[in-house]
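Read off the chains here:
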Amino acid sequence: QATLHDFYIQMIAEDAFKNTFADIFISIYPRLMIHLKHSVIEGGVSLLDLSVQIFTVPTVVTRLVRDCRLLETLFKCLYDLFAPHAAGGGDRISPNSPVMQKTLYQRLCHDIQYVLRIPGTSAAFSRHPDAVSMWLSLCSRAQGMDHHTRQITTHVEFEVRTWSYAFAL
């Protein structure tokens, strides 16, 4: 593994390799997410760990958004992640679902954050109706995740933290 990592680090410095690698990475990204979703192994090394090497490079991200439908791919992965995990089989996302508890959800949210931080990408997001539609659908399904009510008479001794996962969305 160390040898492959060293090889990758040497190769990623070249723009031609970086762009080719990014194209292939984006084309298999949904399959990698599905594989990780069904994996019983927590932690460990994944090819998805390389996403930060791609999604933080402005020239690569700008090209992927323009030519490879990067935004649609990421938001579709996020949307598909929650499709079978709505609360009680309904439309709401449950903060107690296995998807919210696993690192997969956080990983995907971080990837989206990396991409949207690239200058111009947020504006490009608004020009992709499919991505915007999926995003708004996810936001509407996340409403009501925090089912807590405000306590005004007694001090709260213990607070369930499952609601915090919604804020990563």
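Residues numbered from 1 in each chain as written. Predicted model: local features only at pLDDT ≥ 70, side-chain atom pairs only at ≥ 80, totals over all residues. Heavy atoms only, no water.

**Details of the overall build of the protein**
Summing up its helical and strand segments, the protein has nine helices and zero strands in all. Shown N-terminal to C-terminal, the secondary structure of the protein runs as helices and strands in the order α-α-α-α-α-α-α-α-α. When the 169 residues of the protein are sorted by exposure, 38% land in the buried category. Pairs at least 24 apart in sequence give 71% of the contacts found in the protein among residues at least 6 apart. Counting every atom, the protein has about 10200 Å² of accessible surface; 59% of that belongs to carbon and sulfur. (Helix = DSSP H or I, 4+ residues; strand = E, 2+ residues; numbered from the N terminus. Buried < 20%, exposed > 50% of the residue type's maximum accessible area, 1.4 Å probe, protein only. Contact = heavy atoms within 4.5 Å. Areas by Shrake-Rupley, 256 points an atom, 1.4 Å probe, with all protein chains shown as cover.)

**What to know about the side chain of R63**
The residue R63 is located in helix α4 (residues 58–67) in this model. Discounting residues that sit within four places of it in the chain, R63 has contacts with N19, A22, D23 and C68.

**Quick look at the confidence of the model for the protein**
Summary statistics for the protein give a mean pLDDT of 79 and a share of 75% for residues scoring 70 or more. The element-level mean pLDDT for the protein is lowest in helix α6 (residues 98–101), coming to 69, with α4 highest at 94. (pLDDT = per-residue confidence, 0-100.)

**Overview of the pattern of salt bridges**
Evaluation of the coordinates by the stated rule reveals six salt bridges. Between R66 and D67 there is a salt bridge, with its nearest N and O atoms 3.0 Å apart. Classification of D67 by relative accessible area gives partly exposed; the value is 46%. When the shortest N-O distance is used, the salt bridge between K76 and D80 registers 2.8 Å. In this pair, K76 and D80 are both assigned in helix α5 (residues 70–82), four residues apart and thus about one turn of the helix distant. Residue classification places K76 among the partly exposed positions, given a relative accessible area of 41%. (Salt bridge = Lys/Arg side-chain N within 4 Å of Asp/Glu carboxyl O.)

**Some words on the packing of helix α2 (residues 15–38) against α4**
Orientation of α2 relative to α4, taken along the N-to-C sense of each, is 45°, at an axis distance of 11 Å. Classified by the angle between their axes, α2 and α4 sit oblique to one another. Between α2 and α4 lies a crossing whose hand is right-handed. Judged by residue contacts, K18, N19, A22, D23 and I26 of α2 engage V60, R63 and L64 from α4. (Axes fitted to C-alpha atoms, helices over the stretch in contact; angles between N-to-C directions. Parallel < 35°, antiparallel > 145°, perpendicular 65-115°, else oblique. Left-handed = near helix turned anticlockwise from the far one by under 90°.)

**Considerations on the packing of helix α1 (residues 2–12) against α2**
Remark: α1 packs on α2, axes separated minimally by 7 Å, with the N-to-C direction vectors making an angle of 115°. The residues of α2 that touch α1, namely those facing Y8, M11 and I12, are F17, K18 and F21. Considering only residue class, the contact of α1 with α2 consists of five nonpolar, no polar and one charged. (Nonpolar A, V, L, I, M, F, W, Y, C, P; charged D, E, K, R; others polar.)

**Some thoughts on helix α9 (residues 129–142)**
Relative to the 20 Å expected for 14 residues at 1.5 Å per residue, α9 spans 20 Å between its end C-alpha atoms, a close match to the ideal helical length. For α9, the complete set of buried residues consists of A131, M134, L138, R141 and A142. Looking down the long axis of α9, one finds its buried residues gathered within 100° of arc, a one-sided arrangement. In α9, those exposed residues whose orientation departs by more than 90 degrees from the buried face are P129 and L136. Tucked inside the fold, the buried residues of α9 contact α5 and α8 (121–125). (Expected span 1.5 Å × (residues − 1). Arc of directions from axis to C-beta.)

**Details of α5**
Taking 1.5 Å of rise per residue, 13 residues should cover 18 Å, and α5 covers 19 Å from first to last C-alpha, within 8% of that figure. Within α5, 10 of the 13 residues are buried, which leaves the element mostly enclosed by the surrounding structure. For α5, every residue scored as buried is listed here: L70, L71, E72, T73, L74, F75, C77, L78, L81 and F82.

**A few points about the nonpolar core**
Counting 41 residues, the largest nonpolar core has F25, Y29, F55, L70 and L108 as its most contacted members. Listed by contribution, the elements that provide at least two residues to this core are α1, α2, α3 (51–55), α4, α5, α7 (103–116), α8 and α9. Residues within four places of F55 in sequence aside, it is in contact with F25, I26, Y29, V61, L70, L74, D111, Y114, V115 and I118. (Core = buried A, V, L, I, M, F, W, Y, C linked by side-chain atoms within 4.5 Å.)

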